[in-house]
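# Architecture at a glance
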Amino acid sequence: MKSSTALRSILVLLALALAITVQAADKTIVLKAARLFDGKSKALVQNGVVIVQGNKIVDVGGNLSEPGDAQVIDLGDATLSPGFMDGHTHLTLDFSGNYNERRLKEVDLNVSEQAIMATKHARATVEAGFTTVRDLGSRFVGSKEMVDVALRNSINKGVIVGPRMLVATFGIGATGGHFDPTSGFRDMLFGREPDFSDGIADGPDAIRKAVRFEVKNGADVIKAAVSGGVLSLADEVDTPQLTPAEMAALVDESHRLRKKVAVHCHGDQAAKEAVEAGVDSIEHGSFLKPETLTLMKNKGTYLTPTLMATEWILGKIDNYPPALQAKAKAAGAARSEMFRNAVKMGVKISFGTDAAVFPHGQNAKEFKLMVDLGMPAIDALKTATGNAADLFGIAQKTGTLEKGKLADVIAMAGDPTTDITATERVSFVMKEGKIIRNGPPSSAPVAESGETPVEIPAD
Ligand SMILES: [Zn+2]
């Protein structure tokens, strides 16, 4: 008798739980706004409507009639859009303050404390309307912690709020190159030279081992530094850092494991060799000549311009040591012409910012920089939606507002095709059918340095 009562209450509880689940999955939300951008079309749709059920979009268009039992959210004079995607972030890091102070802090703070900071960066990013990021490199000197993997997993499990993340773990680079975390420190300060287990590899076989090691530990995408960089102390910004044979091994091994390859590259020679090796995207690309851009156009290689990175550094140039100032000025002087050429030539472009170089949450400022350099506003919006999903390899699931896609939907005040800075005024964020923000953000954009984020000067 007692056990049958218990059984009955368990059954009742199960039925109740099932009912709640079914109800949550079936709940219909109708999002309405004056305009809608679907992530791929040439023009906005008037009187935009997106109908969401569970985590999916079930209908989308202009002037759709709403189902009777739906919750209607009317966002007024706003534009609905697919959630933005940033193809180049570092959510676990913050380089936005004084360079030397940041370097000291990195060896001073416990990695766990830095990981907790990263949860704020993740929230600031998704609240700014970026529902997906490719996080291209996370490393803490002297530590093997893969904080990006932990951050991604915690977001996926619903423990913390953040964007969908495709992570690269450490990224791969040459000894003394842009990714060598010990560069610029006293020789052997950390007791050993970094190796494949830090992402540092020399020679094709070592590169393959590093790729396998990173995928084994959770990498969704492979990142490598094939040329020098701006914020590294032991290299020149445009020198090649991997040989063609190393790049061939990098691409072959990554593609065998079905991972895309994104390469940090400022220099023209390194870019040409990387594109010939078959990489999926060139990140930064500051010094790329028209000949190399033509090669990219022909091979369908994406450019991720990260204009925000140089913009921020040049706007706060005194925060950086003299050697890095010179590198930033050279890259900044070259990249505007490179970007104009890429737009004119029709090179595929995916939105990416290098967030961490500037405070997380200001990613959308990249849109205006692209439009100011000659890209039509509607195309700039595509870089962060349909194009990015294509580069990331997730276009079947998300990136556009279409029936059957995941309900990653944002709204921004006004019309971004007449004023691109509307992208900086996102007021509503839904990720996979869950409302993350409807109204003001939970906090202002994060500046770890404690400074209020500074407005960056126009180009
Ligand atoms: Zn970067």
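For the structure itself, look to the data block above.
Anyway, here's the lowdown on the structure attached to this text.

How each quantity is defined
- Starting afresh in each chain, residues are numbered from 1 along the sequence in its written order.
- Per-residue local features are limited, in this predicted model, to residues with pLDDT of at least 70; the limit for side-chain atom pairs, both in listing and counting, is 80 or more; totals at the level of whole chains, interfaces and linings are taken over all residues.
- Side-chain numbers here rest on the full set of heavy atoms in the structure, without hydrogens or water.
- In this description, strands pair whenever DSSP reports at least two bridges between them.
- For helices the rule is a DSSP run of H or I covering at least 4 residues; for strands it is a run of E covering at least 2, with both sets numbered from the N terminus onward.
- Axis definition: a line fit to C-alpha positions, over the contact stretch in the case of helices; interaxial angles, taken between N-to-C directions, run 0 to 180 degrees.
- Within this scheme a cavity is a closed region of a 1 Å grid, computed over the protein atoms alone, that accommodates a 1.4 Å probe without allowing it to escape, whereas a pocket is open but has protein on both sides within 12 Å along at least five of seven lines; lining residues each have an atom within 4 Å of a point.
- Grid points are joined across faces, edges and corners, and a volume is the space filled by probe spheres set on the points.
- Three categories are distinguished: nonpolar for Ala, Val, Leu, Ile, Met, Phe, Trp, Tyr, Cys and Pro, charged for Asp, Glu, Lys and Arg, and polar for the others, with Gly belonging to the last.
- For each residue, the accessible area found with a 1.4 Å probe, counting protein chains only, is set against the maximum for its type, and the residue is called buried under 20%, exposed over 50%, and partly exposed in between.
- The cut-offs work like this: below 35 degrees is roughly parallel, past 145 is roughly antiparallel, 65 to 115 is roughly perpendicular, and the gaps in between are oblique.
- Working rule for handedness: look at the near helix, and if it is turned counterclockwise from the far one by less than a right angle, call the crossing left-handed; if clockwise, right-handed.
- For this analysis, residues touch if any pair of their heavy atoms sits within 4.5 Å.
- Whether a crossover is right-handed comes down to one check: with the strands pointing away from the viewer, does the path from the first strand over the helix to the second run clockwise; if it does, it is right-handed.
- Side-chain rings of Phe, Tyr and Trp, where Trp is taken by its six-membered ring, are said to pair if the distance between their centres is within 6.5 Å; with planes under 30 degrees apart they count as stacked, over 60 as edge-to-face, and otherwise as tilted.
- Each metal site is built from N, O and S donor atoms within 2.8 Å (3.2 Å for Na, K and Ca), and since water is not included, such sites may look incomplete.

In space, the 4 strands of this open sheet follow the order β9-β10-β11-β12, with parallel pairing throughout. Among the strands making up the open sheet, the edge pair consists of β9 (222-225) and β12 (302-304). The mean angle between the axes of side-by-side strands here comes to 25°, regardless of whether they run parallel or antiparallel. Inspection of the sheet shows β9 paired to strand β10 (residues 261-265) by 4 bridges, in the parallel sense. Looking at the pairing, Ile-222 lines up with Val-261 of β10.

Our next topic: empty space enclosed by the protein. On inspection of all chains with the given rule, the structure shows 2 cavities of 30 Å³ or more. Taken as a whole, the largest cavity holds about 780 Å³ of empty space. Listing elements by their share of the lining of the largest cavity, those giving two or more residues are α2 (99-108), α3 (111-127) and α9 (307-315). Considering every element that reaches the lining of the largest cavity, the biggest residue donor is α2, with 5 residues. The residue makeup of the lining of the largest cavity, split by class, is 20 nonpolar, 17 polar and 11 charged.

To continue, consider helix α7 (residues 268-277). Every buried residue belonging to α7 is among Asp-268, Ala-270, Ala-271, Glu-273, Ala-274 and Val-275, and all of these are buried. Backbone geometry just downstream of α7 places Gly-278 in the positive-phi region, at approximately 100°.

In this section: the packing of α9 against helix α10 (residues 322-345). Where α9 contacts α10, the two axes come as close as 10 Å, and the packing angle between them is 140°. The angle between α9 and α10 falls in the class oblique. Crossing geometry of α9 relative to α10 is assigned as left-handed. Contacts between α9 and α10 involve Leu-307, Thr-310, Glu-311, Ile-313 and Leu-314 on the former and, on the latter, Ala-328, Lys-329, Ala-331, Gly-332, Arg-335 and Phe-339.

Burial runs high along β10: 5 of the 5 residues are buried. The alternating pattern of β10 places Val-261, Val-263 and Cys-265 and Ala-262 and His-264 on opposite faces, both of which are buried. Assessed by its sense of winding, the connection that carries the chain from β9 through helix α6 (residues 244-256) to β10 is right-handed. Judged from the 4 bridges that link them, β10 and strand β11 (residues 281-284) form a sheet pairing that is parallel. Each bridged residue has a counterpart across the sheet, and for Val-263 the counterpart in β11 is Ile-282. Remark: the β10/α7/β11 crossover connection has right-handed handedness.

This brings us to the packing of aromatic side chains. Following the criterion strictly, the structure yields 7 aromatic pairs and no others. Look at Phe-130 and Phe-351: their rings are 5.5 Å apart centre to centre, the planes differ by 35°, and that puts the pair in the tilted class. In this pair, Phe-130 sits in strand β7 (residues 130-135) while Phe-351 sits in the loop between α10 and α11 (365-372), placing the two residues 221 residues apart along the sequence. Between Phe-185 and Phe-190 the ring centres are 5.3 Å apart and the planes differ by 90°, which places this aromatic pair in the edge-to-face class. Residue Phe-190 is classed as partly exposed on the basis of its relative accessible area, which comes to 29%. Cluster of aromatic residues (ring-pair linked, three or more members): Phe-84, Phe-130, Phe-351 and Phe-367.

This paragraph deals with the coordination of the zinc ion. Binding of the zinc ion to the protein goes through His-88 (NE2), His-90 (NE2) and Asp-354 (OD), at separations of 2.1 to 2.2 Å. Expressed as a motif, the donor residue spacing for the zinc ion is H-x1-H-x263-D. Placement of His-88 in strand β6 (residues 84-89) and of Asp-354 in the loop between α10 and α11 is noted, with a sequence separation of 266 residues between them. Take His-88 and Asp-354: they sit in the same class, and that class is buried.

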